[in-house]
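# Residue-level structural notes
Spelled out from the first residue to the last, the chains are:
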Amino acid sequence: MIKAGIIGATGYAGGELVRILLGHKDVEIQWYGSRSYIDQKYAQVYQNMFQLVEDKCLDDNIEALADQVDVIFTATPQGFLAGVLTEDILNKVKVIDLSADYRIKDVAVYEKWYGIPHKSPQFISEAVYGLCEENREAVKKARLVANPGCYPTCTFFSIAPLAKKGYIDMSTLIVDAKSGTSGAGRGAKVDNLYCEVNENVKAYGVAAHRHTPEIEEQLGYAAGEQVVLNFTPHLIPMNRGILITAYAAVKEGVTEEMIRSAYQEAYDKERFVRFLEPGLCPQTKWVEGSNYVDVNVVYDSRTNRVIMMGAMDNVVKGAAGQAVQNMNLMFGLPEETGLMLVPMFP
């Protein structure tokens, strides 16, 4: 059995990690770390875990935890892991970080967008960006994985097939994104109150959202060129889900058949990325509670633009599910182990 510890177990991503790992036949959770709920029973924080988890929440002492487990998940705010990670810890245990601390390779870009100094930049080059479908072999050998952000994950799968083929003009790329409120975390904030969110849709982080450089970096790798784009997220009144709608100009000579073939080629053999039939638009409802990403594309010959769409659960494939997928790869397990979660409906 793989012994796992979770620091930040009482946030939404941490709670989803617990839910998924409790159903994983090869994992035993040893440590439920939460600075806010030390010595409180985990099932008192999340009542859905009543009679399922008897443990109490512990602190976030990663050094002590490293001696007790095989893998540590850190579902923590930006800056936490960078402030405590050491070579000694990485020599003892594999670490999967759900924050942005090691996603962006340029430390200056990280510090600019996140507004905090990076305290362990020596580990950035080693960290593997945990987009499993893209970096499988590197993840298998990693001791430190930077689990991708939710918006970057859905955006990448929606656009990457055309970026890799060079079929679109990347300088024309615009990404419109919508997310449920769980993406903002479990902390009490006025903007997330029921009366603020219900019956309302709003843009936020316009031209300034901190996932922007991560999206640009990963699509830049796919396209083989520097990418600068407009990314605008919106908050919508639902618990879970992300919907991406992206637009770009199509290069001369590219046909609709070539466009659909690019997606077919990219995702035909992928377990968790589903390329939909023509005419079907991705919907968050059809992926809720699962590790699936649904994508589709429409070529608009009138404007010579392509509309690229993706939908996924931001807490599963956008956070905890992808983290478990990375863990499976790191420990030589079938990638889908513990993750064959049928989307919930209604």
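Overview of the structure. (Residues numbered from 1 in each chain as written. Predicted model: local features only at pLDDT ≥ 70, side-chain atom pairs only at ≥ 80, totals over all residues. Heavy atoms only, no water.)

### Some points on the packing of helix H1 (residues 12–22) against helix H12 (residues 316–330)
The interhelical angle for the contact between H1 and H12, taken along N-to-C directions, is 45 degrees, at an axis separation of 9 Å. Judged on the interaxial angle alone, H12 and H1 are oblique. Taken as a pair, H1 and H12 cross one another with a handedness that is right-handed. Counting all contacts with H1, which are made through Ala 13, Glu 16, Leu 17, Arg 19, Ile 20 and Leu 21, the residues of H12 involved are Val 316, Ala 319, Ala 320, Gly 321, Ala 323, Val 324 and Met 327. When the residues that make up the contact of H1 with H12 are grouped by side-chain class, the tally is 10 nonpolar, one polar and two charged. (Axes fitted to C-alpha atoms, helices over the stretch in contact; angles between N-to-C directions. Helix = DSSP H or I, 4+ residues; strand = E, 2+ residues; numbered from the N terminus. Parallel < 35°, antiparallel > 145°, perpendicular 65-115°, else oblique. Left-handed = near helix turned anticlockwise from the far one by under 90°. Contact = heavy atoms within 4.5 Å. Nonpolar A, V, L, I, M, F, W, Y, C, P; charged D, E, K, R; others polar.)

### A few points about the sheet that holds strand S13 (residues 305–312)
Read across the open sheet, the seven strands follow the order S8-S9-S7-S10-S13-S12-S11; overall the sheet is mixed. For this open sheet the edge positions go to strand S8 (202–203) and strand S11 (273–275), each flanked by a neighbour on one side alone. Each of strand S7 (168–179), strand S9 (230–235), strand S10 (242–250), S11, strand S12 (293–300) and S13 touches helix H8 (residues 150–165); the most contacted strand, S13, lies at about 140 degrees to it. Its contacts with the sheet place helix H11 (residues 256–267) against S10, S11, S12 and S13, and it is angled at close to 165 degrees to S12. (Pairing = 2+ DSSP bridges.)

### Some remarks on the pairing of strand S3 (residues 71–74)
Covered by surrounding structure in S3 are Val 71 and Phe 73 together with Ile 72 and Thr 74, the residues of both alternating faces. In this structure, strand S1 (residues 2–7) lies alongside S3, joined through four bridges in parallel fashion. When the sheet's bridge partners are listed, Ile 6 is paired in S3 with Phe 73. Strand direction decides the pairing type here: S3 and strand S4 (residues 94–97), joined by four bridges, are parallel. Bridging across to S4, Thr 74 finds its partner in Asp 97. (Buried < 20%, exposed > 50% of the residue type's maximum accessible area, 1.4 Å probe, protein only.)

### Some thoughts on the sheet that holds strand S5 (residues 128–129)
With parallel pairing, six strands are arranged side by side in an open sheet as S2-S1-S3-S4-S6-S5. Only two strands of the sheet have a single partner each, and these edge strands are strand S2 (27–33) and S5. Bridge count between S1 and S2: six bridges; the pairing is parallel. Across the sheet, Ala 4 pairs through a bridge with Ile 29, a residue of S2.

### Some points on the pattern of salt bridges
Within the structure shown, the criterion is met by 21 salt bridges. A salt bridge links Asp 176 to Lys 178; the nearest nitrogen and oxygen atoms lie 2.5 Å apart. Using a relative accessible area of 26% as the deciding quantity, one classes Lys 178 as partly exposed. Each of Glu 16, Arg 19, Arg 240 and Asp 313 takes part in one network of salt bridges that share partners. (Salt bridge = Lys/Arg side-chain N within 4 Å of Asp/Glu carboxyl O.)

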